[in-house]
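Reading the structure
Here is how the chains run, residue by residue.
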Amino acid sequence: MNAKIIDHPLIQHKLTLIRDVKTGPKEFRELLEEIAMLMAYEITRDLPLEETEITTPVTTCKCKILAGKKVGIIPILRAGLGMVSGVLKLMPAAKVGHVGLYRDPETLKPVEYYCKLPTDVQDRDFIVIDPMLATGGSSSAAIELLKNKGAKHIKLMCLVAAPEGVMLVNKEHPDVEIYVAAVDECLNDHGYIVPGLGDAGDRIFGTK
Ligand code: PRP
Ligand code: URA
């Protein structure tokens, strides 16, 4: 099982708050945005830099800036939407594509209902974002869809994963690095992560 667990104390603290059943939609959304921003900080650690010359009020000097790498963020609808603003705070120039998938409640297989990607898919590095990696079917399908459109560099960023989901993405997309805040114990009979945080989409949008 291959996933990078981002165990920064701030993320772990906020993750505990977000798991709590007493946390309502407003606080849930705020925490998810904050965690997404902190995780994005870690996931962008290897962005390439280049040198530029600037003039400070004191003198001129050579400094580092980002080497203009094009980044695309792909939230999986709906719950991935809750992480977009946090990531964009760190990378405001990133383009955002959307992939709409829902899990069929009987089969737990992902059903695609929407896809709108940046036009220059081949030239971008992508971060697929979804708070939940349960069976792994949705994330794996979103990655497959991106690859079929020509994407070559993809990372997956989730909040909570089940071992089953990590292993499925590892198997189907060994080239994709997975970043998570926690890998939980297991899935229950309904495909929910245990202990997890419940249905992320419903908790973000207050639909249950
Ligand atoms: C949730 C979640 C993931 C998916 C994870 O979405 O946001 O996309 O389930 O499960 P999987 O790893 O087994 O595929 P859901 O299908 O509930 O749709 P929603 O975000 O619209 O509520
Ligand atoms: N989707 C969710 O929102 N939560 C889970 O635990 C599993 C899938």
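Let us look at the structure shown here. (Residues numbered from 1 in each chain as written. Chains lettered and ligands numbered in written order. Predicted model: local features only at pLDDT ≥ 70, side-chain atom pairs only at ≥ 80, totals over all residues. Heavy atoms only, no water.)

Focus: the environment of Asp 104
The line we're drawing: Segments assigned H or I by DSSP are reported as helices when at least four residues long, segments assigned E as strands when at least two residues long, and all are numbered from the N terminus. Exposure is judged per residue with a 1.4 Å probe applied to protein chains only, and the accessible area is read against the type maximum: over 50% gives exposed, under 20% gives buried, and values in between give partly exposed. Contacts are residue-level and defined by heavy atoms, with any inter-residue pair within 4.5 Å sufficient. Any pair of N or O atoms that falls within 3.5 Å is considered a polar contact. Within protein, one atom must be able to donate a hydrogen and the other to accept it, and sequence-neighbouring residues count only if both atoms are side-chain atoms.
Position of Asp 104 relative to the elements: it lies in the loop between β6 (98–103) and β7 (110–116). For Asp 104, a relative accessible area of 23% corresponds to the partly exposed category. Asp 104 has contacts with Lys 109 and Val 111, leaving out every residue within four places of it along the chain. Among the polar contacts made by the side chain of Asp 104, one reaches the main-chain amide nitrogen of Thr 107 at a distance of 3.0 Å.

A closer look at unusual backbone geometry
Residue Arg 78 follows Leu 77 across a cis peptide bond; omega there is -5°. Of note in the backbone geometry, Leu 108 takes a positive phi value of approximately 65° without being a glycine. As for its placement among the helices and strands, Leu 108 is situated in the loop between β6 and β7.

Description of the packing of aromatic side chains
Filter applied, for reference: For this analysis, a ring pair means two rings from Phe, Tyr or Trp (six-membered ring only for Trp) whose centres lie within 6.5 Å, classed as stacked if their planes differ by under 30 degrees, edge-to-face if by over 60, and tilted for the remaining angles. Charge over a ring is defined by NZ of Lys or CZ of Arg lying within 6 Å of the ring centre and within 35 degrees of the ring normal.
On inspection of all chains with the given rule, the structure shows one aromatic pair. Judged by centre distance (6.1 Å) and plane angle (35°), the rings of Tyr 102 and Tyr 113 are tilted. Residue Tyr 102 is located in strand β6, and its partner Tyr 113 is located in strand β7; the two are separated by 11 residues in the primary sequence. Its end group placed over the ring of Tyr 192, Arg 103 keeps NZ or CZ at 5.8 Å from the ring centre.

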